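Residues per chain are reported as follows:
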Amino acid sequence: MSTRKHTALPKARTLIEALPWLTRHNGKTVVIKFGGNAMVDEDLKSAFAQDVVFLRHAGLRPVVVHGGGPQISAQLEKLGLESEFKAGLRVTTTETMDVVRMVLAGQVQRELVNLLNQHGPLAVGMTGEDAHIMAATQHYADIDGERVDIGRVGEIASVETGAIQALLDDGRIPVVSSIARSADEGDTGVYNVNADTAAAALAAGLGAETLMVLTDVEGLYADWPSSDDVISELTATELEKLLPGLASGMVPKMEGCLYAVRNGVRTARVLDGRVPHSILLEIFTDEGIGTMVVPDKDAPGKPAEGDEAA
Ligand SMILES: Nc1ncnc2c1ncn2[C@@H]1O[C@H](COP(=O)(O)OP(=O)(O)O)[C@@H](O)[C@H]1O
Ligand SMILES: CC(=O)N[C@@H](CCC(=O)OP(=O)(O)O)C(=O)O
């Protein structure tokens, strides 16, 4: 009996330690971007699904936005089509767009929905096309100051969060693929949107408390690639100054984080998706990992002193 009590105590302590975070985050919306290489390992995918379901049962309102760049490239290769990136974005012909849509909506999203629904009737998958969630116009890449046409790559023009809010109110977990309808009248085509950009736009549109971007590095490195010193926290203005020096993979992530905190999201974080349960560690402990971007101190809506985000 006494041995049992003894071994149970650390577990109780761990649960109690989470109490302030549970209280703070209760009822809050969290947008989680899952993608890239964090998504190619089976165990990590299951741990990710467990974390998201945990958040939902702990009283948060998680929304998943997913990418799938490696999966799209693999499918294109199978079809004998080349993957070409300019300024970190996939050059998207109409033919490529069909493959992007098929892989994201038909494969990656289905797999995530399936994993989440192992835990109950929770996840509902959709793309940004559904219920006008995301509309986009053509995005041109800026290469050395030149405006370059990279095809059906979208820049978000508007976000309508009604369908997502309704699902959240119903206790569901929306899983959104980063494809947008066209905002141009008469254009029935769709746009390929970078998943980091889509997640940031949705986080802002939903007035989320937090945007979490999972990736395959520890966070934002101060002096990549020569050092692996991770910047643990920075303000919007500090990030803005770093942006021009960042390399392609990090650009949409950090631009997204900046956009989010400048548009009402309280914190935007880049986390190491290779660490199992990194989401839980970030939300429910003070062992925050990765990089956290916060609004400038004088920004409107800045949390009151002593009310810092976890
Ligand atoms: N300053 C930086 N800090 C961290 N990673 C960086 C930085 N600059 C560029 N990178 C690169 O960005 C990559 C992450 O972007 P990306 O591969 O597009 O991620 P994902 O596939 O998760 O969306 C890292 O693996 C790293 O190679
Ligand atoms: C325009 C553009 O580049 N779109 C991306 C969309 C998927 C994505 O962003 O996936 P990750 O988050 O896994 O990189 C692509 O086609 O690869």
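The name given to the chain in an unreviewed UniProt entry is Acetylglutamate kinase, with Streptomyces daliensis as the source organism. Recorded in UniProt for the chain, the comment headed Catalytic activity (unreviewed entry) runs: "N-acetyl-L-glutamate + ATP = N-acetyl-L-glutamyl 5-phosphate + ADP". Reading the Pathway (unreviewed entry) entry of the UniProt record for the chain gives the comment "Amino-acid biosynthesis; L-arginine biosynthesis; N(2)-acetyl-L-ornithine from L-glutamate: step 2/4."

Draft legend 1. Local environment of the site of ligand 1. Around ligand 1, the structure places 16 residues, and the nearest of them are Gly 36, Thr 215, Asp 216, Tyr 221 and Lys 253. The contact in question runs from an oxygen atom of ligand 1 to an N or O atom on the side chain of Asp 216, over 2.9 Å. A distance of 2.9 Å is found between a nitrogen atom of ligand 1 and a backbone nitrogen or oxygen belonging to Tyr 221. Calculation on ligand 1 without its partners gives an accessible area of 570 Å², and the protein chains cover 80% of this total. Elements supplying a minimum of two residues to the shell around ligand 1: strand 11 (210–215) and helix 9 (250–262). Of the residues assigned to the shell around ligand 1, the class counts are eight nonpolar, five polar and three charged.

Draft legend 2. Local environment of the confidence of the model for the chain. In the predicted model, the chain carries a mean pLDDT of 92, and 95% of its residues have values of at least 70. Confidence over residues 303–310 falls short of pLDDT 50; this stretch has 14 contacts with residues more than four positions distant or in other chains. Across the predicted assembly, pTM comes out at 0.94 and ipTM at 0.96.

Draft legend 3. Main features of the pattern of salt bridges. This model, assessed by the stated rule, comprises 15 salt bridges. Where Asp 187 meets Arg 152, a salt bridge forms, and the shortest distance between an N and an O atom there is 3.0 Å. In this pair, Asp 187 sits in the loop between strand 9 (179–182) and strand 10 (190–192) while Arg 152 sits in strand 7 (residues 146–159), placing the two residues 35 residues apart along the sequence. Residues participating in the shared-partner salt-bridge network are Lys 28, Glu 209 and Arg 266.

Draft legend 4. Looking closely at helix 7 (residues 195–206). Under the 1.5 Å per step criterion, the end-to-end length of helix 7 is 16 Å for 12 residues, consistent within 8% with the ideal 16 Å. Of all 12 residues that make up helix 7, 10 are buried, and the element is covered over most of its length. Every buried residue of helix 7 is listed here: Ala 195, Asp 196, Ala 198, Ala 199, Ala 200, Ala 201, Leu 202, Ala 203, Ala 204 and Leu 206. For helix 7, the side-chain oxygen to backbone nitrogen distance between the N-cap and Asp 196 is 2.8 Å, and the N-cap itself is Asn 194. Positioned one or two residues after helix 7, Gly 207 has a phi angle of 65 degrees, which is positive.

Reading guide: rules and limits
- Residues numbered from 1 in each chain as written.
- Chains lettered and ligands numbered in written order.
- Predicted model: local features only at pLDDT ≥ 70, side-chain atom pairs only at ≥ 80, totals over all residues.
- Heavy atoms only, no water.
- UniProt positions renumbered as here; feature names shortened; annotations may be inferred.
- Near = heavy atom within 4 Å.
- Polar contact = N/O pair within 3.5 Å; in protein donor to acceptor, adjacent residues only side chain to side chain.
- Areas by Shrake-Rupley, 256 points an atom, 1.4 Å probe, with all protein chains shown as cover.
- Helix = DSSP H or I, 4+ residues; strand = E, 2+ residues; numbered from the N terminus.
- Nonpolar A, V, L, I, M, F, W, Y, C, P; charged D, E, K, R; others polar.
- pLDDT = per-residue confidence, 0-100.
- Contact = heavy atoms within 4.5 Å.
- Salt bridge = Lys/Arg side-chain N within 4 Å of Asp/Glu carboxyl O.
- Expected span 1.5 Å × (residues − 1).
- Buried < 20%, exposed > 50% of the residue type's maximum accessible area, 1.4 Å probe, protein only.

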